[in-house]
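Remarks on the overall topology
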Protein chains: 2
Amino acid sequence: MTALETKTANGDTRERILDAAESLFLDHGFEGTSMRMITAQAEVNLAAANYHFGSKEALIQEVFRRRLYWLNRERLRALDAMEREAGGAPLKPSQIVEAFFGTALRLAGDTKHGGMRFMRLLGRTYTDPTQFVRTFLAAEYADVVERFSAALFRALPDVPRDEILWRFHFMLGAMAYALAGTDALQIIAGKVADDDPAAIAPRLMSFLLGGLRAPLPEKNVKKNAARARGAGPRAKGRSAA
Amino acid sequence: MTALETKTANGDTRERILDAAESLFLDHGFEGTSMRMITAQAEVNLAAANYHFGSKEALIQEVFRRRLYWLNRERLRALDAMEREAGGAPLKPSQIVEAFFGTALRLAGDTKHGGMRFMRLLGRTYTDPTQFVRTFLAAEYADVVERFSAALFRALPDVPRDEILWRFHFMLGAMAYALAGTDALQIIAGKVADDDPAAIAPRLMSFLLGGLRAPLPEKNVKKNAARARGAGPRAKGRSAA
DNA sequence: GTATGATTCAAACGAACGTTTGAACCAGGC
DNA sequence: GCCTGGTTCAAACGTTCGTTTGAATCATAC
């Protein structure tokens, strides 16, 4: 992979910028974080960011690439090991969930190297409005989603594939909120106040498996679009101004 | 963009601005949407936005308030009706989930009045980095979360309250992704290509109930924080201080 | 008609944005 | 010594941002 050039070693300017950017993106978002904020926190010159990365857009991508590369490689390693051990037999759903989400939660638990901050940022970025961010993420995930989807198809041969993909999607959402919520939204998480990802990991894994193995909804998903209500709920909520 | 179909609103400048803002916030985020973009799409003068709302921040809040008011009132109405019918007995978890998430999904299904666009925007905004947005949302949700949490506590008396709150949180995340993902992230949803919220509703409800009723993780959630320190793949090497 | 208050309009404000410039600085090889 | 290529630096580039201004327009009551 040509991700890293040979020259990364010496001056830490490059890494300082990436660390500062990762941290600030989490606190203020991409558009809410200026190059001046990043270079100020990194204590480097403003022009250094454009010198090392070319543009803000490229910097954003590099922030994700340097960590996603490791994460998804580790996920595939875990899946490979399990499939090798199973010797051709389908895996158990719990194993697949563990390989995908357990690996992510372990990275989030590595607070020493900023793993928690990155996972929170990642969870939020899945739904980022910016087009180039989403397509970039989708490309980075293509391989690993392909592999895990196939494993789930084999593990659950009686469940329609669409259903499996949706539940995979739901699980991703639950995990993203579990991570982002510990310091983000206070709607609910403000009441539990548990910051340790090692503590939420078993809770989340139980929830995910329960959802994945839930009974299927009634067969004909197509037809019930009909009862889509006749009275429009109009939000006529007048207000101050 | 299917957004601007012929004449939506009559002539009301205020509503035109809110509709345009809601639509653009979904496509470009808050910071990525300028007042000029909003007033241009609404076909009103630039100064009209500040005239009617005072500031961009106040405009953002009004976009949410006019719809959240209706949504959360409807949620409480559904819960009230069920509790009245139960006559003092605890509700079933499925009823509570239906009152909270079913109501939201029905609003999302009201594509005629932009309900789908708003629910996607709302799901994304739960994890918005901006402080004032999150605190505003938390305040808008305070009552309804209080009521539904209490109902869940009564419905599941044997489940620790922390666990219930976490699972409530996980369910919110799954729904947010389910809605936002239908046009946002293509990581997984790109493969299923089903835009109709009426079609994903039964899928999501099954998943949520499965997760909510999943077996609890091993008892002592406190103790197993210890094993996270010793083992597990480290994010390793490069960088950071 | 005119007066009045609410709304719309074109134009401008200062601030902050991402990016670029060209010189200064700092190695190592000769 | 000098040369060379990578890196840092202060300063500026042009653009866009949210907001404000003061006059023009509209609707309604007198």
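Everything below is about the structure printed above this text.
What comes next concerns the included structure.

About the cut-offs
Residues numbered from 1 in each chain as written. Chains lettered and ligands numbered in written order. Predicted model: local features only at pLDDT ≥ 70, side-chain atom pairs only at ≥ 80, totals over all residues. Helix = DSSP H or I, 4+ residues; strand = E, 2+ residues; numbered from the N terminus. Buried ≥ 20, exposed ≤ 12 C-beta atoms within 10 Å, placed from the backbone. Contact = placed C-beta atoms within 7 Å. Near = placed C-beta within 6 Å. Nonpolar A, V, L, I, M, F, W, Y, C, P; charged D, E, K, R; others polar. Axes fitted to C-alpha atoms, helices over the stretch in contact; angles between N-to-C directions. Parallel < 35°, antiparallel > 145°, perpendicular 65-115°, else oblique. Left-handed = near helix turned anticlockwise from the far one by under 90°.

Once that is clear, we can look at the overall build of chain A. Check the secondary structure of chain A and you find nine helices and zero strands. Mapped from its N terminus to its C terminus, chain A presents α and β elements in the order α-α-α-α-α-α-α-α-α. Counting the 241 residues in chain A, one finds 43% classified as buried. Considering only contacts in chain A between residues 6 or more positions apart, those separated by 24 or more positions represent 67%.

By nearness alone, 16 residues border DNA strand C, and A:Ser34, A:Ser55, A:Lys56, B:Thr13 and B:Asn45 come closest of all. Counting only elements with at least two residues in the surface near DNA strand C, the list comes to helix 2 (35–42), helix 3 (46–53) and helix 4 (56–86) of chain A together with helix 3 (46–53) of chain B. Here the surface near DNA strand C takes four residues from helix 3 of chain B, the largest share from any one element. Here the surface near DNA strand C is composed, by residue class, of eight nonpolar, five polar and three charged.

Let us look at the protein's contact with DNA strand D. Near DNA strand D, the surroundings consist of 18 residues, among which A:Thr13, A:Asn45, B:Ser34, B:Ser55 and B:Lys56 are the closest. Its residues placed into classes, the surface near DNA strand D shows eight nonpolar, six polar and four charged.

Moving on: the packing of helix 1 (residues 13–28) of chain B against helix 6 (residues 115–125) of chain B. Residues and elements named next belong to chain B. Interhelical geometry of helix 1 versus helix 6 gives an angle of 50° and a closest axis separation of 9 Å. Taken together, the axes of helix 1 and helix 6 are oblique relative to one another. Taken as a pair, helix 1 and helix 6 cross one another with a handedness that is left-handed. In this structure, helix 1 contributes Glu-22, Ser-23, Phe-25 and Leu-26 to the contact, and helix 6 contributes Arg-117, Phe-118, Arg-120 and Leu-121.

So, about the environment of B:Val44. All names here are of chain B. Checked against the element boundaries, Val-44 lands in the loop between helix 2 (35–42) and helix 3. For Val-44, a count of 18 C-beta atoms within 10 Å corresponds to the partly exposed category. A C-alpha to C-alpha distance of 35 Å links Val-44 and Arg-75, two positions 31 residues apart in sequence. Setting aside chain neighbours within four positions, we find Val-44 in contact with Thr-13, Arg-16, Ile-17 and Thr-39.

Bringing unusual backbone geometry into the picture now. Residues and elements named next belong to chain A. The residue Glu-43 is not glycine, and still its phi comes out positive at about 60°. Looking at the element boundaries, Glu-43 is found in the loop between helix 2 and helix 3. Given 10 C-beta atoms within a 10 Å radius, Glu-43 is considered exposed.

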